[in-house]
Amino acid sequence: MSNPPTLDKFRGALAGTFAGDALGAPVEGLSADRIFRERGRVDKMLDARLGAGTYTDDTEMMIGVAQTLVERGDADPEFLATRFVENFSPDRGYGHGTVATLGYLADGTPWAEAARRVFAAGSMGNGAAMRVAPVGVMFHDDPERLVVEARRCAMVTHVHRLGVEGAVLQALAVGMAVGLDNSRPLDVSSFLDELGSRMTCDEYKKALDTVSGLIRQPHDPDRVIGELGCEALALRSVPCSIYLFLRYCSDFRESVSRTVSLGGDADTTGAMTGALCGAYLGAGAIPSDWYDKLENGPTGRDYVMELGVALYDRWRRAGDGG
Ligand SMILES: [Mg+2]
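About the criteria used
Residues numbered from 1 in each chain as written. Predicted model: local features only at pLDDT ≥ 70, side-chain atom pairs only at ≥ 80, totals over all residues. Heavy atoms only, no water. Axes fitted to C-alpha atoms, helices over the stretch in contact; angles between N-to-C directions. Helix = DSSP H or I, 4+ residues; strand = E, 2+ residues; numbered from the N terminus. Parallel < 35°, antiparallel > 145°, perpendicular 65-115°, else oblique. Left-handed = near helix turned anticlockwise from the far one by under 90°. Contact = heavy atoms within 4.5 Å. Nonpolar A, V, L, I, M, F, W, Y, C, P; charged D, E, K, R; others polar. Donors = N, O, S within 2.8 Å, 3.2 Å for Na, K, Ca; no water. Buried < 20%, exposed > 50% of the residue type's maximum accessible area, 1.4 Å probe, protein only.

This part is about the packing of helix α9 (residues 161-179) against helix α15 (residues 266-281). At their nearest, the axes of α9 and α15 sit 7 Å apart, and the two run at 25° to each other. It follows that α9 is roughly parallel to α15 by the angle criterion. Viewed along their axes, α9 and α15 form a crossing whose handedness is right-handed. Residue-level contacts link Gln170, Ala173, Val174, Ala177 and Val178 of α9 to Met272, Ala275, Leu276, Ala279 and Tyr280 of α15. Across the contact of α9 with α15, the residue classes tally to nine nonpolar, one polar and no charged.

See below:
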């Protein structure tokens, strides 16, 4: 994490989330076989419920996280909860658990209670990981702080250790990607070792070992789906996105297209791989035919890019002691 990141990398993590989410949304819930039969590989913005290039809950919640970091300088859970409630659009494809949690928050339930009212043991889903990219870029130069803020960011909706650690893992990976010099080959082994050393759950350490094994062999989508998964559980999706980022890290299109084409929770795996590739390569690496299709209303493409600028400025001010 020695190389100072560029503004383009900050914007890439945010816009990459958006692009991957929008690419994956039209095939969410489909099997890889069906996608292959009907479309081959997904490498263009297909028509979606709200139109081609529209985003879902993943990006909407990522926007709330970025707004919170820009305004507060940290992932203040109370502020974050307010942002999530204010930004909520019911037609963006939120999961039932999140809708219920946001309902409690809107009714004034304290953030520390709302998520547990829905799932007493906490959610193991990937809903905290999908939105965490802004935390990864903001705290990329301070991994201990990054872990603390990723946990705070998760706890508003996800309190199960596997849901929380999935968000920590994704945030760490984004933070490392933003700090790396992309003109030099990425050292996959040390990237995975560093991530593994910061995991507290054995389940994630094991999944990262699986990533390490798969990456030494030719890409086999069926094996990836079987061994890593591309489902809505954090443990069965975050490692998959990290694998596809590491395998095709020099090529945003290849990496995100192959992620989404696995089907399953494709908007979220797409969002997470997109965040990683964007953080590593910068927003300029997002294919222009994808980028041009991204929705651009009041909280669309231009707004997300502006948030990236604001986040970058906030990070630089924090470094200056401001
Ligand atoms: Mg979604």
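Our focus in this paragraph is the environment of His96. The residue His96 is located in helix α5 (residues 96-106) in this model. Note: C-alpha distance between His96 and Val118 (22 residues apart in sequence) is 9.5 Å.

Moving on, we come to the coordination of the magnesium ion. The magnesium ion binds to the protein through Thr56 (OG1), Asp57 (OD), Asp58 (OD) and Asp267 (OD); the donor distances cover 2.0 to 2.4 Å. Here the donor residues of the magnesium ion are spaced in sequence according to T-D-D-x208-D. Of this pair, Thr56 sits in the loop between α2 (32-39) and α3 (57-72) while Asp267 is found in helix α15, placing the two residues 211 residues apart along the sequence. The burial state of Thr56 is the same as that of Asp267; both residues are buried.

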